[in-house]
Amino acid sequence: EEQWVSEVIGYSSQYGRYKWSAKQIQGAPDVYPRYQDDKRAWAPDVIDENQFLEFEFDYPVYVTKVDVYETFNAGGVKAIKCFDVSGMWITLWSTPQQFYYYYSGSAVGRWGDKLFVAVWDRRVQFATAVYVTKIDVFETFNAGGVKAIKCFDVSGTWITLWSTLQAVQWVAEVINYSSQYGPYKWSAQQILGAPDVYPRYEDSISAWAPKVIDENQFLEFKFATSVYVTQVDVYETFNAGGVKAIKCFDVSGTWITLWSTPEVDVKDYAQIFSPYRQWWESMMPCFSNHIRLDIDCTVANTWVEIDAVRLHGSKEAVQWVAEVINYSSQYYSNDAQQILGGPDVYNLYTSSGQSIKAWAPDVIDENQFLELKFAFPVNVAKVAVYETFNAGGVKAIKCFDVSGTWITLWSTPKSTVPCFSNIIRLDIDCTAAKSRVEIDAVRLHGYQKSWGLAKREHVNEELEEEEDKAVTSVEAAAA
Ligand SMILES: *[C@@H]1O[C@H](CO)[C@@H](O)[C@H](O)[C@H]1NC(C)=O
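Residues numbered from 1 in each chain as written. Predicted model: local features only at pLDDT ≥ 70, side-chain atom pairs only at ≥ 80, totals over all residues. Heavy atoms only, no water.

### Comments concerning the overall build of the protein chain
Helix and strand counts for the protein chain stand at 0 helices and 28 strands. Going through the 479 residues of the protein chain one by one, you find that 42% of them count as buried. Of all intrachain contacts in the protein chain linking residues separated by at least 6 positions in sequence, the fraction that spans at least 24 positions is 73%. Carbon and sulfur atoms provide 52% of the accessible area of the protein chain, an area that totals close to 25800 Å². (Helix = DSSP H or I, 4+ residues; strand = E, 2+ residues; numbered from the N terminus. Buried < 20%, exposed > 50% of the residue type's maximum accessible area, 1.4 Å probe, protein only. Contact = heavy atoms within 4.5 Å. Areas by Shrake-Rupley, 256 points an atom, 1.4 Å probe, with all protein chains shown as cover.)

### Focus on unusual backbone geometry
Cis geometry marks the peptide bond from Tyr 32 to Pro 33; its omega dihedral reads 10°. Tracing the backbone shows Pro 33 in the loop between β1 (7-11) and β2 (53-56). The residue after Tyr 198, namely Pro 199, is reached through a cis peptide bond having omega 10°. Relative to the helices and strands, Pro 199 is located in the loop between β13 (173-177) and β14 (217-238). For Trp 20, which is not glycine, the phi torsion reads 60° and is therefore positive.

### Side note on the state of the cysteines
Taken as a whole and judged by the stated rule, the model has 1 disulfide. Two residues share a disulfide in this structure: Cys 248 and Cys 286, whose sulfurs sit 2.0 Å from each other. Its torsion about the S-S bond being -90°, the disulfide of Cys 248 and Cys 286 is classed as left-handed. Separated by 38 residues along the polypeptide, Cys 248 in strand β15 (residues 243-249) and Cys 286 in the loop between β17 (271-273) and β18 (287-295) bring together distant segments of the chain. Residues Cys 248 and Cys 286 agree in their burial class; the two are buried. (Disulfide = S-S within 2.5 Å.)

### Regarding the side chain of Asp 294
Its location among the elements puts Asp 294 in strand β18. Since its relative accessible area comes to 9%, Asp 294 is described here as buried. Side-chain polar atoms of Asp 294 contact the side chain of Lys 247, separated by 2.9 Å. A distance of 2.8 Å separates the side chain of Asp 294 from the side chain of Arg 292, its partner in a polar contact. Apart from residues no more than four positions distant in its own chain, Asp 294 is found in contact with Gln 217, Phe 218, Gly 242, Val 243, Lys 244, Ala 245 and Lys 247. (Polar contact = N/O pair within 3.5 Å; in protein donor to acceptor, adjacent residues only side chain to side chain.)

### Section: the nonpolar core
Proteins that are soluble and globular tend to have nonpolar side chains buried together. With 29 residues, the main nonpolar core has Phe 221, Val 232, Ile 246, Leu 258, Ile 291, Ile 295 and Ile 306 as its most contacted residues. At the level of secondary structure, the elements contributing two or more residues to this core comprise β14, β15, β16 (255-260), β18 and β19 (305-314). Residues contacting Phe 221, with those up to four places away along its chain left out, are Val 171, Glu 173, Val 174, Ile 175, Ile 191, Asn 289, His 290, Ile 291, Leu 293 and Val 309. Counting residues in hydrophobic clusters, the runner-up holds 28 residues, among them Val 324, Leu 370, Cys 419 and Ile 428. (Core = buried A, V, L, I, M, F, W, Y, C linked by side-chain atoms within 4.5 Å.)

### Quick look at the pairing of β14
Burial within β14 is extensive, with 18 of its 22 residues counted as buried. The pairing of β13 with β14 spans 4 bridges and is antiparallel. Residue pairing in the sheet places Tyr 177 in a bridge with Leu 219 of β14. Bridge count for β14 against β18 is 8 bridges, and the pairing is antiparallel. When the sheet's bridge partners are listed, Leu 219 is paired in β18 with Leu 293. (Pairing = 2+ DSSP bridges.)

### Some thoughts on the pattern of salt bridges
Enumeration over the complete set of coordinates arrives at 10 salt bridges. We note a salt bridge from Asp 38 to Arg 40, for which the minimum N-O separation is 2.9 Å. Residue classification places Arg 40 among the partly exposed positions, given a relative accessible area of 33%. Across the pair Asp 427 and Arg 425 runs a salt bridge, and its minimum N-O distance is 2.8 Å. One connected set of salt bridges, linked through shared partners, spans Glu 220, Lys 247, Arg 292 and Asp 294. (Salt bridge = Lys/Arg side-chain N within 4 Å of Asp/Glu carboxyl O.)

Shown next as structure tokens:
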């Protein structure tokens, strides 16, 4: 959170009592980005090497960055110090340490107007240790500078949760194909690696094209690292639209259809086809590095060309309820089974009158509950409850640990304990609503190995261009 100087508590000298006084540094800039000798900025009366300014902000923070707005003869700051709550001065930065200049607009003259930003390696600390599942970095100026996010594990080691090398993968190996137009040009091998045709729309030797024009074409390929598949991007560069199914070969040894369509299409432009939204709601996550595309060329009636395929995945498994173990009560057709699978009411807010796709209790009291089972146990990282009517009635989320005990993951008030499980219980209180509280779905996020053992694999990674992102939202990866 950014703060501006609220009070000056000391200074070496000032050029005037009002104009050019130390008080001129209080608040937001009123000179910057202009470069000029201006009475609304502090200027010293004494020209020597011992000038200083000491000032306060409204409230203390773990200091991560100090921006100094230098508007005339910039570059004179030689140290930035911080008076720690421990009562000690800490030098955050001093010359000749590394520093950066960010120019605003075009630099004027020799100095230009510049914002001096001293950046140092400063760790941030949170009040409570948790199993880290997500870190949001709110970048408010020249966003995109974060190059890695690391976490100091209780085991005493630094774990890189995220780095600019993102965990997206390009095809590493072709396993099988229906036909190929040539052994080199237009071969199945042309789908390997990053796109080399896209964004051009053209018949290119650098993309795969089939030899046979029918509805049974396919490509089967592998990526370096297995992940819970969250998205597959197909780079279609000629007669786009011919993909009719995307399948994933799960570690369990079965093919899972991630997406399919009864009817293909043909488009005269290049596209990145990624129909992930339709399968993230499916019940069974697919843990794999092995993908198959089924391709139908009959609508195009000519070559459908594919340039590359990109796999997105997570080390975190996401599951929807597979089985209802027990419940307190159920309201007619709003039975407990309505909670199975992905949401079918959310994001509507609607009562049982209009919708029968969510669970509602028959008894309106504080002792309602649902006991739910997911396909396989995980180290629970997150439980998302989709409340679609009189939301807010969940008073506790519990988890039946493999050790045989119930652990309260969340309750009002909150608590957090790790739990390895696939059984979740919701305790629900309908008394505040004085009516039915309806629940549409429950989504479980978790990992199959504990975070302490987490180790990130970096194979076949590609640099992502995400300079303009204002919020870097990071899903931490574990092995
Ligand atoms: C490749 O696909 C063909 C056609 O489906 C099939 O007959 C063959 O067994 C496959 N080969 C391998 C190695 O999977």
